[in-house]
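Notes for the structure review
Spelled out from the first residue to the last, the chains are:
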Amino acid sequence: MAKTRKSKKGSVSKNTLRAPTVTNSNSNAGLANGRANSPNRALQSPKARGPESLIWPVMVTLGCWGMAFSFLVFSKDANHVLFAGIAVLMALLWTLSVGVRIRKLLILRQR
């Protein structure tokens, strides 16, 4: 039987785990605070770019309302009212989202 190398499971190269050394801790803290207060941080919602950014949300909203209507009227299932209620709730949330996007778009156009 040939001798084979044993692989080290779970071990990672020490070079990839090392953090860069910083000699001045005050400059690093200022950089972190500057990023937290900047308007372009990742957690902020993106600005509405124009009416073309409303196409998909409006289509999803109309689809949810149509699904709620079809569950309520055309379904033969015993729980069709429950399914329609869930679809109405989903449609209301999407309607609220589209309303917020339209309001944000109108506010940006006034500036």
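Everything below is about the structure shown above.
Below or above, wherever it landed, is the structure these notes cover. (Residues numbered from 1 in each chain as written. Predicted model: local features only at pLDDT ≥ 70, side-chain atom pairs only at ≥ 80, totals over all residues. Heavy atoms only, no water.)

Regarding the overall build of the chain
The helix and strand inventory of the chain stands at 4 helices and 0 strands. Listing each helix as α and each strand as β along the chain from the N terminus yields α-α-α-α. Put simply, the chain has 111 residues, and 11% of those count as buried. Considering only residue pairs separated by 6 or more positions, the chain has 63% of its internal contacts joining residues 24 or more positions apart. Here the chain displays about 10100 Å² of accessible surface, and carbon together with sulfur accounts for 62% of that area. (Helix = DSSP H or I, 4+ residues; strand = E, 2+ residues; numbered from the N terminus. Buried < 20%, exposed > 50% of the residue type's maximum accessible area, 1.4 Å probe, protein only. Contact = heavy atoms within 4.5 Å. Areas by Shrake-Rupley, 256 points an atom, 1.4 Å probe, with all protein chains shown as cover.)

Looking at helix α4 (residues 80-110)
Look at α4: 44 Å from first C-alpha to last across 31 residues, which is about the 45 Å you get at 1.5 Å a residue. Turning to α4, its buried residues number three or more, namely Ala84, Ala87, Ala91, Val98 and Leu105. (Expected span 1.5 Å × (residues − 1).)

What to know about a nonpolar patch on the surface
On the surface, a nonpolar cluster with roughly 530 Å² of combined accessible area is contributed by Phe69, Leu72, Val73, Phe74 and Val81. Counting residues per element, the nonpolar patch draws most heavily on helix α3 (residues 55-74), which supplies 4 residues. Within the secondary structure layout, Val73 lies in helix α3. (Patch = residues over 30% accessible without salt bridge, like charges linked within 9 Å, V, L, I, M, F, W, Y side chains within 5 Å. Salt bridge = Lys/Arg side-chain N within 4 Å of Asp/Glu carboxyl O.)

Description of α3
Given a rise of 1.5 Å per residue, 20 residues ought to cover 28 Å, and the 27 Å separating the end C-alpha atoms of α3 matches this to within 8%. Inspection of α3 places Pro57, Thr61, Cys64 and Ala68 among the buried residues, and these make up the whole buried set. The buried residues of α3 occupy an angular sector of 60° when the element is viewed end-on, so they sit on one face. Away from its buried face, by an angle of more than 90 degrees, α3 presents the exposed residues Trp56, Leu62, Phe69 and Phe74. As for α3, its buried residues are in contact with α4. (Arc of directions from axis to C-beta.)

A closer look at the packing of aromatic side chains
Scanning the entire structure with this criterion turns up 2 aromatic pairs. Arranged with centres 6.0 Å apart and planes meeting at 85°, the rings of Phe69 and Phe74 form a pair that is edge-to-face. For Phe74, a relative accessible area of 59% gives the class exposed. A centroid spacing of 5.8 Å and a plane angle of 50° characterise the contact between Phe71 and Phe83, whose relative ring orientation is tilted. (Phe/Tyr/Trp six-rings, centres within 6.5 Å; stacked < 30°, edge-to-face > 60°.)

Here's the deal with the environment of Gly99
Here Gly99 lies in helix α4. On the basis of relative accessible area, Gly99 is assigned to the partly exposed category, the value being 36%. Measuring from C-alpha to C-alpha, the distance between Gly99 and Leu54 comes to 10.0 Å, with 45 residues separating the pair along the chain.

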